[in-house]
Amino acid sequence: MFSIATLWIPFTITAALGQVARNAMQRQLTGPLGTWGATNIRFLFGFPFSVIFFVVVLVATGDHPPSPTAAFWPWLLLGALSQIVGTGMMLLAMNDRSFVVTTAYLKTEAIQTAIFGFVFLGDHLTVLKVIAILIATAGVVIAALRPGAEKGFADLKPTLLGLSAAAAFALSAVGFRGAVIVVPGVSFVTAASYTLVFGLFVQTLVLTIYLLARAPDVLQKILGLWKPSLFAGFMGAFASQFWFLAFALTAAANVRTLALVEVLFAQAVAYYSFKQPISARELSGIALIVVGVALLVAV
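Just so we're clear, the structure is a prediction, and the values are computed from it rather than from any experiment.

Looking now at helix α13 (residues 280–298). For α13, with 19 residues, the first-to-last C-alpha span of 27 Å sits near the 27 Å given by 1.5 Å per residue. Listed as buried for α13 are Glu 282, Gly 285, Ile 286, Ile 289, Gly 292, Val 293 and Leu 296. The arc that holds every buried residue of α13, seen down its axis, measures 130 degrees, which confines them to one face. Exposed side of α13, more than 90 degrees from the buried face: Ala 280 and Ala 298 are the residues found there.

In structure tokens:
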């Protein structure tokens, strides 16, 4: 059975599964809406669901709406804005004909999260946990590589873009964890839900203003596709709810490392749904991910 201290494990796995479903829905909407339009769906349509989640949590816990200290807002803005910046750099990297290489660099997020978490939040990581993070990250990089892709690692631009995007996502995880843990006087569930509401509000506001200024027709298309967007928004808010619950209970690096199980889910979908064979290299990468995640959970 799970104790409160170990609930971050099922929370993270649930979030990873929800993220896979959200990504699948967003891919279907990228064609008609473009990349930024499809990205805004997770915020615009996820925000109302986050409010519903928050109300349900308040009723269930009996907590009053919290009044966070001034420290909450800088952490929240760091998390919300870093996630948008990371998404932009990731898209730039993947448009640079270096999809596989930049994907490998993006998976250094767990390592960078451990560093930022230690520097900014004082998150304690044992030597064994650091080893687990390194093993799991190495597994993802190996699984992401393709024959001939090694040449791309010599290119400076995809290297900088990929590592910078990973750093932005790492800062986002640390920022959201920092915001959750400084919400005073309420349960960790309420603190996580409260942070999610304001995080999605900021992200919705920023991206909607951007689309109004640069591509107002995209917003009209989003409203026209509200039915499929609702499900994508729900799954996005659902996944984020569990990410934030996990951040409330443990170091962001632990969460982001365990989140690498998403790679296993994606491989399973590719194998069973699309009958795509798994190579020996991918199997070796998967084995390392399993070993790293198992070590992380065990220690």
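So that's the structure; there's more coming.
Inspection of the entire model under this criterion finds 16 aromatic pairs. Ring geometry for Phe 49 and Phe 234: centres 5.3 Å apart, planes at 75 degrees, overall edge-to-face. Taken together, the positions of Phe 49 in helix α2 (residues 46–61) and Phe 234 in helix α10 (residues 226–249) put the pair 185 residues apart, joining distant regions of the chain. The structure contains a cluster of three or more aromatic residues connected by ring pairs, namely Phe 11, Phe 49, Phe 53, Phe 188, Phe 234, Phe 238 and Phe 242. The ring centre of Trp 243 lies 4.7 Å from the NZ or CZ of Arg 256, which sits over that ring.

Turning next to the packing of α2 against α10. Running from amino to carboxyl end, α2 crosses α10 at an angle of 50 degrees, the nearest separation of the two axes being 8 Å. One finds that α2 runs oblique with respect to α10. Handedness of the crossing formed by α2 with α10: right-handed. Between α2 and α10, the contacting residues are Gly 46, Phe 49, Ser 50 and Phe 53 on the first element and Leu 230, Gly 233, Phe 234, Ala 237, Phe 238 and Gln 241 on the second. Looking at the contact of α2 with α10, its residues break down into six nonpolar, four polar and no charged.

A few words on a nonpolar patch on the surface. Together, Ile 115, Phe 118, Val 119 and Phe 120 make up an exposed nonpolar region whose accessible area comes to about 430 Å². Position of Phe 118 among the secondary structure elements: in helix α5 (residues 109–121).

Under the definition given, this model contains two salt bridges. A salt bridge links Glu 109 to Arg 256; the nearest nitrogen and oxygen atoms lie 2.8 Å apart. Taken as a pair, Glu 109 in helix α5 and Arg 256 in helix α11 (residues 252–258) lie far apart in primary sequence, 147 residues in all. Both residues of the pair, Glu 109 and Arg 256, count as buried. Here Asp 123 ties to Arg 177 by a salt bridge, and the two come within 3.3 Å at their closest N and O atoms. Highlighted residues: Asp 123 in the loop between α5 and α6 (127–144) and Arg 177 in helix α7 (residues 156–181), separated in sequence by 54 residues. Like Asp 123, the residue Arg 177 is buried in the burial classification.

Definitions and limits used
Residues numbered from 1 in each chain as written. Predicted model: local features only at pLDDT ≥ 70, side-chain atom pairs only at ≥ 80, totals over all residues. Heavy atoms only, no water. Helix = DSSP H or I, 4+ residues; strand = E, 2+ residues; numbered from the N terminus. Expected span 1.5 Å × (residues − 1). Buried < 20%, exposed > 50% of the residue type's maximum accessible area, 1.4 Å probe, protein only. Arc of directions from axis to C-beta. Phe/Tyr/Trp six-rings, centres within 6.5 Å; stacked < 30°, edge-to-face > 60°. Lys NZ or Arg CZ within 6 Å of the ring centre and 35° of its normal. Axes fitted to C-alpha atoms, helices over the stretch in contact; angles between N-to-C directions. Parallel < 35°, antiparallel > 145°, perpendicular 65-115°, else oblique. Left-handed = near helix turned anticlockwise from the far one by under 90°. Contact = heavy atoms within 4.5 Å. Nonpolar A, V, L, I, M, F, W, Y, C, P; charged D, E, K, R; others polar. Patch = residues over 30% accessible without salt bridge, like charges linked within 9 Å, V, L, I, M, F, W, Y side chains within 5 Å. Areas by Shrake-Rupley, 256 points an atom, 1.4 Å probe, with all protein chains shown as cover. Salt bridge = Lys/Arg side-chain N within 4 Å of Asp/Glu carboxyl O.

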